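Structural overview for review
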Amino acid sequence: MSEVLADIRRLAKVCEHAGNSRLQTNYLVLTKKCDTSGGIEPTLERLEQALQPFESVTHFIWQSDPLGDFLDRNHQPVDTFRVVIVELRTRQ
């Protein structure tokens, strides 16, 4: 998770210094394992904390419903997971 937090901070810095360019809005899409209840709240809290220092960047975090019933290449069930999308945008 620390690598993902570093990537999110890096994208936030890009947004801060983007000026008038296409880099004002950036997205990071990740998957996160979750228990059968679908809880990933600690992950979302860590994402929020990582973005707090960037006052000139707004962020939105979306998450899918828990996804499951998938098989890996060996036809074994995989863990339930969620797709999380982080949007970072320069504050207008």
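Heads up: the structure comes first, above all this text.
Residues numbered from 1 in each chain as written. Predicted model: local features only at pLDDT ≥ 70, side-chain atom pairs only at ≥ 80, totals over all residues. Heavy atoms only, no water.

What follows is about a nonpolar patch on the surface. On the surface, a cluster of nonpolar side chains totalling about 340 Å² of accessible area is made up of Y27, F60 and W62. Following the sequence through the fold, Y27 ends up in strand β1 (residues 25-33). With relative accessibility at 47%, the residue Y27 sits in the partly exposed group. (Patch = residues over 30% accessible without salt bridge, like charges linked within 9 Å, V, L, I, M, F, W, Y side chains within 5 Å. Areas by Shrake-Rupley, 256 points an atom, 1.4 Å probe, with all protein chains shown as cover. Salt bridge = Lys/Arg side-chain N within 4 Å of Asp/Glu carboxyl O. Helix = DSSP H or I, 4+ residues; strand = E, 2+ residues; numbered from the N terminus. Buried < 20%, exposed > 50% of the residue type's maximum accessible area, 1.4 Å probe, protein only.)

With that settled, the discussion passes to the nonpolar core. Of all hydrophobic cores here, the largest spans 17 residues; its most connected members are I8, L47, L51, V84, V86 and L88. Elements with a contribution of two residues or more to this core: α1 (2-16), β1, α2 (41-51) and β3 (81-90). Residues in contact with V84, not counting those within four places in the same chain, are L28, V29, L30, I40, L44, L47, I61, W62 and Q63. (Core = buried A, V, L, I, M, F, W, Y, C linked by side-chain atoms within 4.5 Å. Contact = heavy atoms within 4.5 Å.)

Here the focus is the sheet that holds β3. Across the sheet, which stays open at both edges, the three strands sit in the order β1-β3-β2 with antiparallel pairing between neighbours. Whereas interior strands pair on both sides, the edge strands pair on one side only; in this sheet they are β1 and β2 (57-63). Direction aside, the axes of adjacent strands within the sheet are offset by 20° on average. Of the pairings in the sheet, the one linking β1 to β3 comprises nine bridges and is antiparallel in character. Note that in β3 the partner of T25 across the bridge is R89. Together, β1, β2 and β3 form the strand contacts of α1, whose direction differs from that of β1 by roughly 170°. In this fold α2 packs onto β1, β2 and β3, with an angle of close to 170° to the strand it touches most, β2. (Pairing = 2+ DSSP bridges. Axes fitted to C-alpha atoms, helices over the stretch in contact; angles between N-to-C directions.)

A few words now on unusual backbone geometry. Negative phi characterises most residues that are not glycine, and trans characterises most peptide bonds. Residues other than glycine seldom take positive phi values, yet H75 does so here, at roughly 65°. Counting through the fold element by element, H75 comes out in the loop between β2 and β3.

Here the focus is the packing of α1 against α2. Packing of α1 against α2 brings their axes to within 10 Å, and their N-to-C directions diverge by 35°. As for how α1 packs across α2, the hand of that crossing is right-handed. On the side of α1, the interface is formed by L5, I8, R9 and A12, while α2 contributes R46, L47, A50 and L51. Broken down by class, the residue content of the contact of α1 with α2 amounts to six nonpolar, no polar and two charged. (Left-handed = near helix turned anticlockwise from the far one by under 90°. Nonpolar A, V, L, I, M, F, W, Y, C, P; charged D, E, K, R; others polar.)

Looking only at α2, the buried set comprises T43, L44, L47, A50 and L51. Within α2, the buried residues cover an arc of 120° as seen down the axis, which keeps them to one side. Turned more than 90 degrees away from the buried face of α2, the exposed residues are P42, E45 and Q49. Contacts from the buried residues of α2 go to α1, β1, β2 and β3. (Arc of directions from axis to C-beta.)

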